[in-house]
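Residues per chain are reported as follows:
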Amino acid sequence: MTCMDFVTIVFDNQKEIDLLKIQLISFTYVDPNIINNIYVLFNDAKEKVENYIPQILNLCPADIIKHLKIIYIEDLIGKNLKGKYPSDWWSQQTAKLLVSRIVSTAKYVVLDAKNHFITDITYDTFFNDKDQAIIYNAIHNDELMEWYLCAFTYFDLDNIEK
């Protein structure tokens, strides 16, 4: 069984932290054999978000907390931001790429705090029998679907559904 790291990007907002707490509880649906680390990456200067840590740890299930690692954007960029960091959508997307510097598994899953597990999750939830990532898509506009199809062609994937 292949273990994976999971990464959730969060920012300085109480609603975001509340969603994260629900997400951490929802990890109880994930097969423990596929969880290596669960990183919570704060996309804000450390001094803005440190006060959330006790809330997160107090509600995290015991079988999940042993995998939990709290990291800050400073850990990825290698410098103290001293409160000067543009925590916005663009920086969040950059953080999702930078996290590849610290994950310890060949494959990892990046989540937003609003993503929650609501049913049993196994390795097969994320990868097909060819070990290719499964993309779960809902309603997309035609332009976005065209981008998906180009990406699937580039990565030599069969189709979006599988």
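The rules behind each value
Residues numbered from 1 in each chain as written. Predicted model: local features only at pLDDT ≥ 70, side-chain atom pairs only at ≥ 80, totals over all residues. Heavy atoms only, no water. Pairing = 2+ DSSP bridges. Helix = DSSP H or I, 4+ residues; strand = E, 2+ residues; numbered from the N terminus. Axes fitted to C-alpha atoms, helices over the stretch in contact; angles between N-to-C directions. Buried < 20%, exposed > 50% of the residue type's maximum accessible area, 1.4 Å probe, protein only. Polar contact = N/O pair within 3.5 Å; in protein donor to acceptor, adjacent residues only side chain to side chain. Expected span 1.5 Å × (residues − 1). Contact = heavy atoms within 4.5 Å. Core = buried A, V, L, I, M, F, W, Y, C linked by side-chain atoms within 4.5 Å. Phe/Tyr/Trp six-rings, centres within 6.5 Å; stacked < 30°, edge-to-face > 60°. Lys NZ or Arg CZ within 6 Å of the ring centre and 35° of its normal.

Moving on, we come to the sheet that holds strand E1 (residues 4-10). Across the sheet, four strands lie side by side as E3-E2-E1-E4; this open sheet has parallel pairing. Looking at which strands have only one partner, the edges of the open sheet turn out to be strand E3 (68-72) and strand E4 (108-112). For this sheet, the mean angle separating the axes of adjacent strands, direction not counted, is 25°. As paired strands, strand E2 (residues 35-42) and E3 are joined by five bridges and run parallel to one another. Counterpart to Phe42 in the pairing with E3 is Tyr72.

The backbone of Asp131 shows a phi angle near 65°, a positive value even though the residue is not glycine. Here Asp131 shows up in the loop between helix H7 (123-126) and helix H8 (142-154).

Looking now at the environment of Asn13. By the element assignment, Asn13 lies in the loop between E1 and helix H1 (14-26). The partly exposed category is assigned to Asn13, whose relative accessible area is 30%. In this structure, the C-alpha to C-alpha distance between Asn13 and Tyr52, residues 39 residues apart in sequence, is 9.4 Å. Within the structure, the side chain of Asn13 is placed 2.8 Å from the backbone nitrogen of Lys15, a separation counted as a polar contact.

Turning our attention to H1. Taking 1.5 Å of rise per residue, 13 residues should cover 18 Å, and H1 covers 18 Å from first to last C-alpha, within 8% of that figure. Within the span of H1, buried status applies to Glu16, Ile17, Leu20, Lys21, Gln23, Leu24 and Ser26. Each element contacted by the buried residues of H1 is listed here: E1, E2, helix H3 (53-59), helix H4 (62-65), E3 and E4. For H1, the side-chain oxygen to backbone nitrogen distance between the N-cap and Lys15 is 2.8 Å, and the N-cap itself is Asn13.

Next up on the list: the nonpolar core. Formed by 29 residues in total, the largest nonpolar core has its most connected members in Phe6, Leu24, Phe27, Phe42 and Phe126. Counting only elements with at least two residues in this core, the list comes to E1, H1, E2, H3, E3, E4 and H7. Here this core gets four residues from one element, more than from any other, and that element is E2.

Another point: the packing of aromatic side chains. Under the criterion given, the structure shown has seven aromatic pairs. Between Phe42 and Tyr72, the aromatic rings sit 5.8 Å apart at their centres with planes inclined by 20°, giving stacked as the arrangement. Residue Phe42 is found in strand E2, and its partner Tyr72 is found in strand E3; the two are separated by 30 residues along the sequence. Using a relative accessible area of 0% as the deciding quantity, one classes Phe42 as buried. Tyr72 sits in the buried class, given a relative accessible area of 9%. Taken together through their ring pairs, the aromatic side chains of Phe6, Phe27, Phe117 and Phe126 make up a single cluster. Note that Lys107 overlies the ring of Phe127, its terminal NZ or CZ placed 4.4 Å from the centroid.

Nothing here speaks to function; it is all geometry.
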